[in-house]
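Analysis of the macromolecular model
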Amino acid sequence: MIEDVKLKLADAQLIKRAKRGDHQAFGVLYERYIDAIFRYVRCRVVDIQTAEDITEAVFLRSFEAIGKYREKGLRYSAYLYQVARNLLIDHYRRGDDIVPIENAEHQLVSSQSTDGEIIFREQSASLRSALDRLPEEYQEIIRVRVLLELSTTEAAEWMKRSEGATRVLLHRALKALKREVEEGHEAGA
Amino acid sequence: MKQELDLLVDQCLSAIQAGEETLESCLRAHPEHAGEIGPILRIAAHSHSLLSPAGPRPEFVRATRTRLMNAVMESGDIRQKARVGLRRVRLQPGYALVTLLLVIVLLGSGVGVVRASADSLPGDSLYGVKLASEQIQLAVSFSPETDAELLVGFAGERLVEAEQLVNLGRYDDLEQALLGLGTTLDAIATLDFPGDESEPGSLTHIEAKLEKHISVLNRVLEQVPENAKAAIERAIEHSTHSTEVIKKVKSDDHPSNTAPGQLKKDDSSDDHPGRGNGRDKDKPEKTEKPK
């Protein structure tokens, strides 16, 4: 808990410095959250270059708007996450650049051996398909809490929920995913 | 009961993610709930192993950082703020008073502290005094030439600190010195450079100093362990980019969209200004899976 408070204070102080034009503060915020934001975007965008472009746009927009940012005691990553979500919504709205899911999965397994690649690709495609059939909020909690391994506290901040509600949502989402996977197997059998 | 299971799933998942527990040890610790939480935790582990994305490419992280810093400065807002920040101390009465008080303190018992702080390193208790005294020197400088000379000197000081930290094996504090170097280089890029190339703060002078800095950083790079190399490489890239900026300012070119390791982009053939990411323009259209 003390570490969390320190982290929040540190973000708040960095934002104050960034608002005063301190480039180092921008750099620290970027280094601190680039990994989480890129990985979140990458969860939702299979093409690496598109994910990189969107990630860069997230930070660019956020930094350019830092003067309007209002500190609410949350991590700056929660704000970056909202910007990322908005950019992803815009991106999907445009509806271009569609790739078949088989090709999409292929991009994720280029380092696997051929046999392993096939198995990995099939399992990934099946699981991703099951995940995609879940309600959006279930998908989202699985992305941030399971795939990105955010803490419950940070996941709650990102999703604007209490920690208790986040736990409930996670439990329900994983149960629903398990059910979808089982039904997918039965349908394929 | 339901809340208890929610909490248990969350706690087990956290412990597994932190490497404190395995799935099996969690189930052994809660045998009464193993039948219910076991499948849930297995699907979570399965999802993570199959779908968890890798982190960003290091070269993307570095290039984007540089582009973002340039873009933020280019936006004018931050650039203006940076300049105002540099001058504010002498323009605003409140800051002038603080500066005066600091000068009085420094002339009194504070002189010894400031002198003692001159040899301090990032992580030392007096390091803040050292940085504050540098800011005061900038505040009482009255010309861009002096600003440039001071900033180049401070950049050199950050390098000396980096070398000393490496010699002392204090790699945890290295990042702070290198971040300070980056900030100082950014500040140099915002200056109005003197026209007289014979002046100490001239572009030629700064360019020569930066090239010397890069060779120092390369020397430091050879001495540090693997886990500290990334920070040094970033500093080298930053210094190299600053040198390119200086060269381009000298040739009246506009440097802000050129990131380290990248070709200067051709505005006439790119639909996304400011995004010179060095990618192959001839590659096929990007594709992706719909979410």
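Residues numbered from 1 in each chain as written. Chains lettered and ligands numbered in written order. Predicted model: local features only at pLDDT ≥ 70, side-chain atom pairs only at ≥ 80, totals over all residues.

1. Notes on the overall build of chain A
Within chain A one finds nine helices and zero strands. Along chain A, helices and strands appear, N-terminal first, in the series α-α-α-α-α-α-α-α-α. The buried share of chain A, taken over its 189 residues, is 41%. When contacts within chain A are restricted to residue pairs at least 6 apart in sequence, long-range pairs at least 24 apart make up 59% of them. (Helix = DSSP H or I, 4+ residues; strand = E, 2+ residues; numbered from the N terminus. Buried ≥ 20, exposed ≤ 12 C-beta atoms within 10 Å, placed from the backbone. Contact = placed C-beta atoms within 7 Å.)

2. Some thoughts on the overall build of chain B
Scanning chain B from N- to C-terminus turns up 11 helices and zero strands. The buried share of chain B, reckoned over its 291 residues, is 31%.

3. A short note on the nonpolar core
If you look at the biggest cluster of nonpolar residues, it comprises 62 residues, and the most contacted ones within it are A:I37, A:Y40 and B:V9. Considering every element that reaches this core, the biggest residue donor is helix α2 (residues 23–44) of chain A, with 11 residues. Residues lining this core come from more than one domain, with at least three contributed by each of domain 1 (2–51) and domain 2 (58–259) of chain B. Here A:Y40 is in contact with A:Y81, A:A84, A:R143, A:V144 and A:L148, once residues within four sequence places are set aside. Counting residues in hydrophobic clusters, the runner-up holds 26 residues, among them B:V152, B:L159, B:L165 and B:A231. (Core = buried A, V, L, I, M, F, W, Y, C linked by C-beta atoms within 7 Å. Domains from an automatic or database assignment.)

4. Quick word on unusual backbone geometry
A negative phi angle is the norm for most residues apart from glycine, just as the trans form is the norm for most peptide bonds. All names here are of chain A. Its identity is not glycine, yet E149 carries a phi of approximately 60°, on the positive side. With respect to the helices and strands, the residue E149 is situated in the loop between α7 (136–147) and α8 (152–159). Since 18 C-beta atoms lie within 10 Å of it, E149 is described here as partly exposed. One non-glycine residue, K160, adopts positive backbone phi at about 55°.

5. As for helix α4 (residues 58–74) of chain B
Residue and element names in this part refer to chain B. When the terminal C-alpha atoms of α4 are compared, their 24 Å separation across 17 residues agrees well with the 24 Å that a helix rising 1.5 Å per residue should span. Extensive coverage of α4 is indicated by the burial of 12 of its 17 residues. Among the residues making up α4, those that are buried are R62, A63, T64, R65, T66, R67, L68, M69, N70, A71, V72 and M73. (Expected span 1.5 Å × (residues − 1).)

6. Here's the deal with the confidence of the model for chain B
Residue and element names in this part refer to chain B. Overall, the predicted model of chain B reaches an average pLDDT of 72, with 64% of residues at or above 70. Counted against residues more than four places away or in other chains, residues 81–92, with its pLDDT under 50, gives 15 contacts. This complex was scored by the predictor with a pTM of 0.54 and an ipTM of 0.82. (pLDDT = per-residue confidence, 0-100.)

7. Digging into the packing of helix α6 (residues 114–132) of chain A against helix α3 (residues 34–51) of chain B
Two elements in contact, α6(A) and α3(B), have axes separated by 10 Å at closest approach and are oriented at 120°. On the basis of the axis angle, α6(A) is oblique to α3(B). Here the hand of the crossing between α6(A) and α3(B) comes out left-handed. Across the interface between the two elements, A:Q123, A:S124, A:L127 and A:R128 of α6(A) pack against B:H46, B:S47, B:L50 and B:L51 of α3(B). Here the contact of α6(A) with α3(B) is composed, by residue class, of three nonpolar, four polar and one charged. (Axes fitted to C-alpha atoms, helices over the stretch in contact; angles between N-to-C directions. Parallel < 35°, antiparallel > 145°, perpendicular 65-115°, else oblique. Left-handed = near helix turned anticlockwise from the far one by under 90°. Nonpolar A, V, L, I, M, F, W, Y, C, P; charged D, E, K, R; others polar.)

8. Considering the environment of A:Q24
Its location among the elements puts A:Q24 in helix α2. You can call A:Q24 buried: it has 20 C-beta atoms within 10 Å. Remark: the alpha-carbon pair of A:Q24 and A:L14, spanning 10 residues in sequence, is separated by 8.7 Å. In contact with A:Q24, not counting residues within four places along its chain, are B:L179, B:G182 and B:T183.

9. A look at the packing of helix α3 (residues 48–64) of chain A against helix α4 (residues 76–94) of chain A
When two helices pack together, their arrangement is captured by the angle between the axes and the distance separating the axes. All names here are of chain A. In the contact formed by α3 and α4, the axes pass within 9 Å of each other and the chain directions differ by 125°. Taken together, the axis directions place α3 and α4 in an arrangement best described as oblique. Here α3 runs over α4; the crossing is right-handed. For the pair α3 and α4, contact is made by I54, A57, V58, R61 and S62 and by Y79, L80, V83, A84, L87, L88 and H91, respectively. A breakdown of the residues in the contact of α3 with α4 according to their chemical character gives nine nonpolar, two polar and one charged.

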